[in-house]
Amino acid sequence: MTAADTQIERRWDQFHTWGPYVLLAISTLLSAGTTELMAGPAELYAAGALVVAAVVLQLWHGPRRGPRTPSRRGTVYYILRWTIAFTLTWLNPFFAFYAATGYWEADEVIAGRRRRRLALFATTVVVAGSQAGGMPFHGPTQWAVFAGLLVANNAVLMAVAHLTEQEDRRSRERVASIAELERTNAALQQALDENAALHTQLLVQAREAGVADERRRLAAEIHDTIAQGLTGIIAQLQVVSAATDLESARTHLERASALARHSLGEARRSVHNLAPVALASDGLPEALEKTVMEWGERTGVRADFTLTGTAEQLHDEVAATLLRIAQEALSNTARHAAATRAGVTLSYMGDEVTLDIRDDGRGFDPGAARERTGTGGFGLDGMRARAERIAGFLTVESEPGHGTAVSARVPLVRHDR
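Report follows, based on the coordinates. (Residues numbered from 1 in each chain as written. Predicted model: local features only at pLDDT ≥ 70, side-chain atom pairs only at ≥ 80, totals over all residues. Heavy atoms only, no water.)

1. Side note on a nonpolar patch on the surface
Together, Trp-18, Val-22, Ile-26, Leu-30, Leu-37, Phe-94 and Phe-97 give the surface a local cluster of nonpolar side chains, amounting to about 630 Å² of exposed area. Sort the elements by how many residues they give to the nonpolar patch and helix 1 (residues 3–32) lands first, with 4 residues. Mapped onto the elements of the fold, Ile-26 is located in helix 1. Given the relative accessible area of 35%, Ile-26 is considered partly exposed. (Patch = residues over 30% accessible without salt bridge, like charges linked within 9 Å, V, L, I, M, F, W, Y side chains within 5 Å. Areas by Shrake-Rupley, 256 points an atom, 1.4 Å probe, with all protein chains shown as cover. Salt bridge = Lys/Arg side-chain N within 4 Å of Asp/Glu carboxyl O. Helix = DSSP H or I, 4+ residues; strand = E, 2+ residues; numbered from the N terminus. Buried < 20%, exposed > 50% of the residue type's maximum accessible area, 1.4 Å probe, protein only.)

2. Let's talk about the pattern of salt bridges
Counted according to the given criterion, the structure contains 10 salt bridges. Close ionic contact of Arg-183 with Glu-180 constitutes a salt bridge, the shortest N to O distance being 2.4 Å. Of the two residues, Arg-183 and Glu-180 both sit in helix 7 (residues 140–242), 3 residues apart, roughly one turn of that helix. One salt bridge in this structure joins Glu-352 and Arg-409, with 2.9 Å as the shortest N-O distance. Of the two residues, Glu-352 is situated in strand 3 (residues 352–359) and Arg-409 in strand 5 (residues 404–411); the sequence distance between them amounts to 57 residues. Among the residues examined, Arg-409 registers a relative accessible area of 27% and is labelled partly exposed.

3. Topic: the pairing of strand 2 (residues 341–349)
When you tally the buried positions in strand 2, you get 7 out of 9 residues, the bulk of the element. Note: strand 1 (residues 302–308) against strand 2, 7 bridges, orientation parallel. Across the sheet, residue Leu-307 finds its bridge partner in strand 2, namely Leu-346. At this point the chain moves from strand 1, through helix 10 (residues 316–337), to the parallel strand 2, and the crossover so formed is left-handed. Of the pairings in the sheet, the one linking strand 2 to strand 3 comprises 8 bridges and is antiparallel in character. Looking at strand 3, one finds that Met-349 is bridged to Glu-352. Connecting strand 2 to the next strand, strand 3, in antiparallel fashion are 2 residues, including Gly-350 with a positive phi near 65 degrees. (Pairing = 2+ DSSP bridges. Right-handed = clockwise from strand over helix to strand, strands pointing away.)

Written as structure tokens, this is what we have:
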């Protein structure tokens, strides 16, 4: 309930509580000024006693605090109040002001639609009798006027009652609609919460799948490169140990040395693809800034780092992936772009993190076929695969002679420790 509704309800409580007293006071004052309408002192004393009885009855009924529930006590009160009002109006027609309180009290104290209609009709009898000149009636003319007033009052009363019932029904329908909307909103909010939880779960599963995929990739690389290289070295050394010709032995030693250097390079590359050392003591923004600064000093290319949004502690896998993408992109710029300026921007945007690497180099055609680099990296395909392992994606914008822009967008998964 709003503050306005509470204020209106409080005003209605005041009206129902003090309205009968006010109308009784007005009726008493008007009757006191028209005592000539009473037959004698006995009627005057009777009116005074009934006024006191009406006050006592209102006190017994008590103040109104919120809508009342129809009850037997309320029915007894209504009958007693109507009886007092009828008698007072019989003594002086100005007491019909007090009798009119029955119009707004019937709905609250009388149970049943027919009983309420009967109670309202009884009140109309008292009011119409007062309007006809007071009771008892003298002559057929006054009876005819009373009958006409009774019909007119009841017609107005029934019209108002009908409109009131329609308004009450609409109010109940509005309340039901609001309640239904609240239930719908609650169900929608629950669904949104469940979707958010499911989204988080999917991100975790994607991260775990990415970790498993990375482990399989490293295992395959070790098997296909380092293990095979060590096997070749062993084979060459075995040949050397059994060789009798010095020249042949030297040849096989050179082959073993070349295999060892190649295997060492593969080992360094595999280790390089694990968790970056730069993230051991720094967060992703600090590690990126140092990487960009060191890359600029090493290559002589002007390089800038920009951070937008509020930095958060990212999950290790997310931070490592973004740092590796930045390193690979900068490495590509150094090898292929011949750029004079490069920039790296890290942006925290609600539920996502965006990494942009751009340069003003020679550019290339993104649609042209590309080969894997010969230095152990995986180029754009490798960067794209890294982003996809953590449920992200990578886009490349480039044109010959107009530089290159690489953008990685990944979900913001916070540190889980």
